[in-house]
Amino acid sequence: MEFDVKNLELASEGKRRIEWAEHDMPVLGLIKERFQEEEPLAGKRMSCCLHVTAETANLVRTLKAGGAEVVLVASNPLSTQDDVAASLVKDYGISVFAIKGEDKDTYYNHIRTAIAHRPHVTMDDGADLVSTIHFEYKDQAEEILGSMEETTTGVIRLRAMAKDKNLKIPVIAVNDAKTKNLFDNRYGTGQSTVDGIIRATDILLAGKTIVVAGYGWCGRGFATRARGMGANVVVTEVDSIKAIEAAMDGFRVMPMREAAKIGDLFCTLSGDINVIRREHFELMKDGAIVTNSGHFNVEIDIKALEEMAKEVKKGVREFVDGYVLPDGRTIYLLAEGRLINLAAAEGHPASVMDMSFSTQALMAEWVIKNGGKLEVKVHDVPGEIEDWVARLKLHSMGIEIDELTKEQKEYLSSWKIGT
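Let me begin by describing the structure that accompanies this report. This structure is a prediction, so every number in the text was calculated from the model and none was measured.

**What about the packing of aromatic side chains?**
The relation between two aromatic rings is expressed through the spacing of the ring centres and the mutual angle of the planes.
Phase 1: According to the stated counting rule, one finds 3 aromatic pairs in the structure shown.
Phase 2: Centre to centre, the rings of Y215 and F251 are 5.9 Å apart; their planes meet at 65°, and the pair counts as edge-to-face. Pair noted here: Y215 is in the loop between β7 (209–213) and α9 (217–228) and F251 is in the loop between α10 (240–248) and β9 (252–253), with a separation of 36 residues, a long-range link.
Phase 3: With a relative accessible area of 1%, Y215 lands in the buried category.
Phase 4: F251 sits in the buried class, given a relative accessible area of 6%.
Phase 5: Looking at R220, its charged tip hangs above the ring of W217, at a distance of 4.2 Å from the centre.
Phase 6: We note R227 situated over the ring of F251; from NZ or CZ to the ring centre the distance is 4.0 Å.

Below, the structure is given as structure tokens:
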């Protein structure tokens, strides 16, 4: 078995972490039990480009239980948990190519290794795997039955490819599933972003003015949790509907050029490029902290900050670099502008990833069952799979809900009954 991880001696700690996460992933556990019995993925090769965390470990273990030959590579150079990667190789016999802090060349070499596996199904977290296939390995596209995309950023890229008629593989927008988008993005990113910022800086959020760039589900989650810890939260947006929603949720809304003057901490969660730019750095107060919780490290214009700085103090803390400007102000950048919740913390809690990864596993099965019949486009997750995952999650939480009576079903399906 081939692999490239930091140190296999870290495996024992990684196994403890994987098993701890497994306790809080009951829905995925039920799918794993069925997969072991039925092996719906038998004979299929899968390449997964995902954040290598304890939660992801339980997903790939489930895929292997279903009969798949799995290769796992990192979807971000700073998000890998090295002990988890070691355990997956040593304890579970899964080929992993991921090292925390790997350089860009190593990162893409690992992705090419996943492509060399000649997968029938792929899983992506940001679309780097699928886009590399399209750029460098177009001949392999026809071998791939389908791909699952886990992130908002990735879905945006893939929809753009489809619009330009460049997409060659059927893709499932797992990110857009309600059981992922509404919960993983809001509650997972919300909590883990706060966690990452505090671990990196050890600052008190209470009383700070925190600027949240983007009010999608991730931005909503972080803004709400920052306010809950006593911060004064400002939201910046380019979407008028989301801006109204932020205002009606009780947040101050203003352009970044105004927020830059008053913010103590800035966090981007937009999925777009250069949200915080040179003109914003010029307005920030001394000691301002800038961080990102979007998938790629493009939301902060780091190149402009480097050009502006007369000195860069690397490693002020483990995930903190200080950029000293000519007038003496220092702006602190966290985790090199990479997603703070996975670079400096452990990512989303297992409980919320239980739903996202259950949907991923079931969609892998769905793609294989429908192999060769899927239209080349970006597909939504079928409603029946969403409902099944949600009901199992409720059951695991000890929550019961009502069911429609026969009369109510008839009423909702009829147009004849009025006032």
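On we go from here.
**Here's the deal with the state of the cysteines**
Phase 1: A complete count under the given rule lists 0 disulfides for this structure.
Phase 2: Unpaired in this structure, C49 has its nearest cysteine sulfur neighbour in C48, at a distance of 9.1 Å.
Phase 3: According to the relative accessible area criterion, C49 is buried, its value standing at 1%.
Phase 4: The structure places no disulfide on C218, whose sulfur is separated from the nearest cysteine sulfur, that of C267, by 9.7 Å.

**Here's the deal with helix α4 (residues 82–90)**
Phase 1: Counted residue by residue, α4 has 8 buried out of 9 residues, so it is predominantly covered.
Phase 2: Of the surrounding secondary structure, the elements contacted by the buried residues of α4 are α1 (11–23), α3 (54–65), β2 (69–74) and β3 (95–97).

**With respect to the pattern of salt bridges**
Phase 1: Per the stated rule, a full pass over the model turns up 25 salt bridges.
Phase 2: With its nearest N and O atoms 3.8 Å apart, the salt bridge here joins E22 to K32. Placement of E22 in helix α1 and of K32 in helix α2 (residues 26–38) is noted, with a sequence separation of 10 residues between them.
Phase 3: Of the residues examined, K32 reaches a relative accessible area of 15% and is grouped as buried.
Phase 4: Residues R34 and E365 are paired through a salt bridge, measuring 2.8 Å at the closest nitrogen-oxygen approach. Of this pair, R34 sits in helix α2 while E365 is found in helix α15 (residues 350–369), placing the two residues 331 residues apart along the sequence.
Phase 5: For R34, a relative accessible area of 24% gives the class partly exposed.

**Structural notes on the pairing of strand β13 (residues 320–324)**
Phase 1: In terms of burial, β13 is largely enclosed, as 5 of its 5 residues are buried.
Phase 2: Burial along β13 is two-sided: the face carrying V320, G322 and V324 and the face carrying D321 and Y323 are both buried.
Phase 3: Judged from the 4 bridges that link them, strand β12 (residues 311–317) and β13 form a sheet pairing that is antiparallel. Bridged to K313 within β13 is G322.
Phase 4: Where β12 hands over to β13, the hairpin turn is made up of 2 residues, counted between the paired strands.
Phase 5: Two strands pair when backbone bridges link them, and β13 and strand β14 (residues 330–334) are joined in this way by 5 bridges, in the antiparallel orientation. Each residue of the ladder has a partner; that of G322, found in β14, is Y332.
Phase 6: Remark: 5 residues form the turn of the hairpin made by β13 and β14, two consecutive strands paired antiparallel; G328 in that turn has positive phi of roughly 100°.

Rules of the game
- Every residue gets a number counted from 1 within its own chain, in the order that chain's sequence is written.
- Under the rules for a predicted model, residues below a pLDDT of 70 receive no local features and side-chain atom pairs below 80 are neither given nor counted, while totals for whole chains, interfaces and linings still include all residues.
- Computation of side-chain values: all heavy atoms of the structure, hydrogens and water removed.
- Aromatic pairs are defined between Phe, Tyr and Trp rings, using the six-membered ring for Trp, whenever the two ring centres lie within 6.5 Å; interplanar angles under 30 degrees are classed as stacked, those over 60 as edge-to-face, and all others as tilted.
- Secondary structure follows DSSP: runs of H or I at least 4 residues long count as helices, runs of E at least 2 residues long count as strands, and numbering of each begins at the N terminus.
- Burial classes: relative accessible area under 20% of the type maximum marks a residue as buried, over 50% as exposed, and values in between as partly exposed (1.4 Å probe, protein chains only).
- Criterion for a charge above a ring: Lys NZ or Arg CZ within 6 Å of the ring centre, and within 35 degrees of the ring normal.
- By disulfide we mean two sulfur atoms from cysteines, separated by a distance within 2.5 Å.
- Here, residues are in contact when the closest pair of their heavy atoms is within 4.5 Å.
- The salt bridge definition used is simple: a Lys or Arg side-chain nitrogen within 4 Å of an Asp or Glu carboxyl oxygen.
- One requirement defines pairing of two strands: DSSP has to find at least two bridges between them.

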